[in-house]
Amino acid sequence: MTQDLFATLPRTPSAIAIEEGVSLLQAFIDEAEAGALMQAIHGVLQQAPLRHMQTPGGYRMSVAMSNCGELGWVTDRSGYRYQGSDPVSGQAWPAMPEVFRALAVRAAAAAGFAGFMPDACLINRYEAGARMALHQDKDEQDMRQPIVSVSLGLPATFLFGGMQRAGRPLRMRLESGDVVVWGGPARLRFHGVDTLADGEHPLSGRCRFNLTFRRAR
Ligand code: MD3
Ligand code: FE
């Protein structure tokens, strides 16, 4: 049982500049918006179900993924890329729900990136034991465009590394309702997510969802 009195209290929104280009918007999302986002996630996943993709090296990713928007990020034995159709169905990815787009635009603007127009949203689902190894996001065309990441459900420890894979990453706890905007000199930093601990969250059950909004083209 992880429920306690504090877990039931609303959190206070606060914006923290972690370093140049990185804004942590804690409790940026209230419970009403979080509920609307979860509903929209389930709508997208009905059309484009979660799947465990394969890395180019042949490993199955522990994080289950899907996409919405004009483009989706995929990986398989032939590599990482963005594409306009879901390889599982052959259909276009579901449209980006308006509640998604509005949140991404508002968060980017709050972090100093007015005019951000995402064309892709990757949906990551972590269950207990899932993790994401340190990597760079470099499949997008214009690295001047930020990435907006939204955490919903169970908390996770985010790993924020340097410009090289080696070295000890900074650890940041990300909770449901937190949004982080990564841009400027931080855009190509190595990052990952530590193994998710089991738990239960009123919004999502026994998992964490992360939405990353990108300008891929
Ligand atoms: C820092 N997802 O999907 S979001 C990913 O929580 C990814 O699911 C993680 O990394 C997750 O690629 C982390 C935070 C994030 C996203 C992009 C970044 C941090 C970043 C790009 C540059 C630096
Ligand atoms: Fe990433």
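Residues numbered from 1 in each chain as written. Chains lettered and ligands numbered in written order. Predicted model: local features only at pLDDT ≥ 70, side-chain atom pairs only at ≥ 80, totals over all residues. Heavy atoms only, no water.

- As annotated in an unreviewed UniProt entry, the protein carries the name DNA oxidative demethylase AlkB and comes from Herbaspirillum lusitanum.
- Listed under Cofactor (unreviewed entry) in UniProt, the entry text for the protein is "Fe(2+)". (UniProt positions renumbered as here; feature names shortened; annotations may be inferred.)

A closer look at the packing of aromatic side chains
Step number 1: Within this structure, the stated rule accounts for five aromatic pairs.
Step number 2: A ring pair is formed by W73 and Y80, whose centres lie 5.6 Å apart and whose planes are at 25 degrees; its orientation type is stacked.
Step number 3: Taken together, the aromatic side chains of F158, F160 and W182 make up a single cluster linked through ring pairs.
Step number 4: The lysine or arginine in question, R189, covers the ring of F160, its NZ or CZ lying 4.3 Å from the ring centre.
Step number 5: Note that R208 overlies the ring of Y126, its terminal NZ or CZ placed 5.1 Å from the centroid. (Phe/Tyr/Trp six-rings, centres within 6.5 Å; stacked < 30°, edge-to-face > 60°. Lys NZ or Arg CZ within 6 Å of the ring centre and 35° of its normal.)

Some details on the UniProt feature "domain: Fe2OG dioxygenase" (unreviewed entry) in the protein
Step number 1: UniProt tags residues 117-217 as "domain: Fe2OG dioxygenase" (unreviewed entry).
Step number 2: Between the C-alpha atoms that bound residues 117-217 there is a distance of 10 Å. The span itself is 0% helix and 44% strand. (Helix = DSSP H or I, 4+ residues; strand = E, 2+ residues; numbered from the N terminus.)

As for the pattern of salt bridges
Step number 1: A complete count under the given rule lists 16 salt bridges for this structure.
Step number 2: Salt-bridge contacts for E175 lead to R11; the nearest nitrogen and oxygen are separated by 3.5 Å. Placement of the pair is E175 in the loop between β10 (170-174) and β11 (179-182) and R11 in the segment before β1 (14-19), with a sequence separation of 164 residues.
Step number 3: Its salt-bridge partner being R187, residue E140 comes within 2.7 Å of it at the nearest N-O pair. In this pair, E140 is assigned in the loop between β7 (132-135) and β8 (147-153) and R187 in the loop between β11 and β12 (191-193), connecting sequence segments 47 residues apart. Summarising the burial analysis for this pair, E140 and R187 share the class buried.
Step number 4: Each of R11, R173, E175 and D178 takes part in a single network of salt bridges with overlapping partners. (Salt bridge = Lys/Arg side-chain N within 4 Å of Asp/Glu carboxyl O. Buried < 20%, exposed > 50% of the residue type's maximum accessible area, 1.4 Å probe, protein only.)

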